Amino acid sequence: DTLLAAPLPRQSSLTAGLGGPKTHISNIGRMIEDMENEMRSNLNELYILKTREVINSLRKLHAGPVQDSSHIATLNAAVLGHGKG
C-alpha cells in the first residue's frame, strides 16, 4: 500500500461590508464554501492527472502484439471464418 498524504494549508482574505450582526457569519460561510470548492477542484485535477499517468505507464509496460502482416492475416482469417461452420 502507498500512503499519499500531505498537509494542505490554505489562506484567504476578504474585505466586506458589515451590515448587521449576522453578516459576518454569512461572509465567513461564503469564504469557507469558496475555499472548499477550490480545494475540491484542485484535488479532482490532481486525481485525473495521476490516473492518466498510471494508465499511460501501464500501456508502456504491457505492449500489445506486434501487428505485422502475418498477424493481420491470421486475424482476418479468424473473422472471415467465424460465420462458417
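Refer to the preceding data block for the structure.
Residues take numbers from 1 onward in each chain, read along the sequence in its written order. Per-residue local features are limited, in this predicted model, to residues with pLDDT of at least 70; the limit for side-chain atom pairs, both in listing and counting, is 80 or more; totals at the level of whole chains, interfaces and linings are taken over all residues. Side-chain measures here rest on the full set of heavy atoms in the structure, leaving out hydrogens and waters.

Helix and strand definitions here come from DSSP, where helices need a minimum of 4 consecutive H or I residues and strands a minimum of 2 consecutive E residues; each element is numbered from the N-terminal end. Each helix and strand in the protein chain was counted, giving two helices and zero strands. Whether a residue is buried, partly exposed or exposed follows from its accessible area with a 1.4 Å probe, protein chains only, as a fraction of its type maximum: under 20%, in between, or over 50%, in that order. Put simply, the protein chain has 85 residues, and 2% of those count as buried. Throughout, the Shrake-Rupley method with a 1.4 Å probe supplies accessible areas, and for residues the shown protein chains are the sole cover considered. Accessible surface for the protein chain amounts to roughly 8100 Å². Of this, 59% is attributable to carbon and sulfur atoms.

Let us now look at the layout of surface pockets. Within this model, the largest pocket holds a volume of roughly 310 Å³. What lines the largest pocket is L4, A5, A6, P7, L8, R10, N42, L43, L46, Y47, K50 and T51. Side-chain classes are defined by residue name, with Ala, Val, Leu, Ile, Met, Phe, Trp, Tyr, Cys and Pro counting as nonpolar, Asp, Glu, Lys and Arg as charged, and the others, Gly among them, as polar. Tallied by class, the residues present in the lining of the largest pocket amount to eight nonpolar, two polar and two charged. Both cavities and pockets are sets of points on a 1 Å grid over the protein atoms alone; in a cavity a 1.4 Å probe fits but cannot get out, in a pocket the set is open with protein on both sides within 12 Å along at least five of seven lines, and lining residues sit with an atom within 4 Å of a point. Grid points are joined across faces, edges and corners, and a volume is the space filled by probe spheres set on the points.

So, on to a nonpolar patch on the surface. Each patch is built from residues lacking any salt bridge and having more than 30% relative accessible area; the joining distance is 9 Å for like charges and 5 Å for nonpolar side chains (Val, Leu, Ile, Met, Phe, Trp, Tyr). We define a salt bridge as a side-chain nitrogen of Lys or Arg found within 4 Å of a carboxyl oxygen belonging to Asp or Glu. Among the surface-exposed residues, L8, L43 and L46 lie close enough to one another that they form a single nonpolar patch of about 290 Å² accessible area. Assignment of secondary structure puts L46 in helix α1 (residues 23-61). Relative accessible area serves as the criterion here: at 53%, L46 is assigned to the exposed category.

It is worth spelling out a negative patch on the surface at this point. Residues E33, D34, E36 and E38 make up a contiguous surface patch of negative charge. One can find E33 in helix α1. Only four residue types enter the charge count: Lys and Arg as positive, Asp and Glu as negative, with His and the chain ends excluded. For charged residues, the charge sits on one atom: NZ in Lys, CZ in Arg, CG in Asp, CD in Glu.

This paragraph deals with the side chain of N27. Note on placement: N27 falls in helix α1. Whether two residues are in contact is decided by their heavy atoms, any of which lying within 4.5 Å being enough. Not counting the four nearest positions on each side in its chain, N27 is found in contact with A16 and G17.

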